[in-house]
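# A closer look at the structure
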Amino acid sequence: MIEVKHLTVTKTDGTELLRDVSFTLAPGDKVALIGEEGNGKSTLLKLIHDPVVPDHLIVTGEIRRDHEITGYLPQHLPAAWYQTIPADYLLSYSLEAVQRHLT
């Protein structure tokens, strides 16, 4: 389960990306994020995947998840991945996660 409670994300320049966002996703739920460019969709997904807050953001609220997210395709891939397909990236990511659990 993923639970987001009262999440507000603001850039350090004062630009508010998200204000008081709350939702819960249960296993098997499907969701679509729709919005104009620059409204925080990718930022929200990045924070759900990795709760370490970048220096250029101020984040309040809570993000809880009861399991590790084993696949995440960022908006901007490292240059080394430009000649591959998304499945290659995700499979590589998943293999790294499995290897972490085995060691």
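So, here is what we can say about the structure in this document.

Definitions and cut-offs
- Residue indices follow the written sequence of each chain, beginning from 1 at its first position.
- Local features in this predicted model are restricted to residues whose pLDDT is 70 or higher, and side-chain atom pairs enter the listing and the counts only when it is 80 or higher, whereas totals over whole chains, interfaces and linings include all residues.
- Computation of side-chain values: all heavy atoms of the structure, hydrogens and water removed.
- A residue counts toward a patch only above 30% relative accessible area and without a salt bridge, and it is joined to like-charged neighbours within 9 Å or, for Val, Leu, Ile, Met, Phe, Trp and Tyr, to nonpolar neighbours within 5 Å.
- Using a 1.4 Å probe, accessible areas were evaluated by the Shrake-Rupley method; residue-level cover was limited to the displayed protein chains.
- The term salt bridge refers to a pairing of a side-chain nitrogen on Lys or Arg with a carboxyl oxygen on Asp or Glu at a separation within 4 Å.
- Comment: elements are numbered from the N terminus, with helices defined as DSSP H or I runs of at least four residues and strands as E runs of at least two.
- To sort residues, take the accessible area from a 1.4 Å probe on protein chains only and compare it with the maximum for the residue type: under 20% means buried, over 50% means exposed, and anything in between is partly exposed.

## Remarks on a nonpolar patch on the surface
The grouping of Val31, Leu33 and Leu45 at the surface amounts to a nonpolar patch, some 270 Å² of accessible area in total. Along the chain, Leu45 turns up in helix H1 (residues 41–49). According to the relative accessible area criterion, Leu45 is partly exposed, its value standing at 42%.

## Here's the deal with the pattern of salt bridges
Inspection of every chain in the model, using the stated rule, returns three salt bridges. Lys5 is the partner of Glu3 in a salt bridge, and the nearest nitrogen-oxygen pair spans 3.8 Å. Among the residues examined, Glu3 registers a relative accessible area of 21% and is labelled partly exposed. Overall, the relative accessible area of 30% leaves Lys5 in the partly exposed class. Two residues, Arg19 and Glu16, come together in a salt bridge whose shortest N-O distance is 2.7 Å. By relative accessible area, Arg19 is classed as exposed at 62%.

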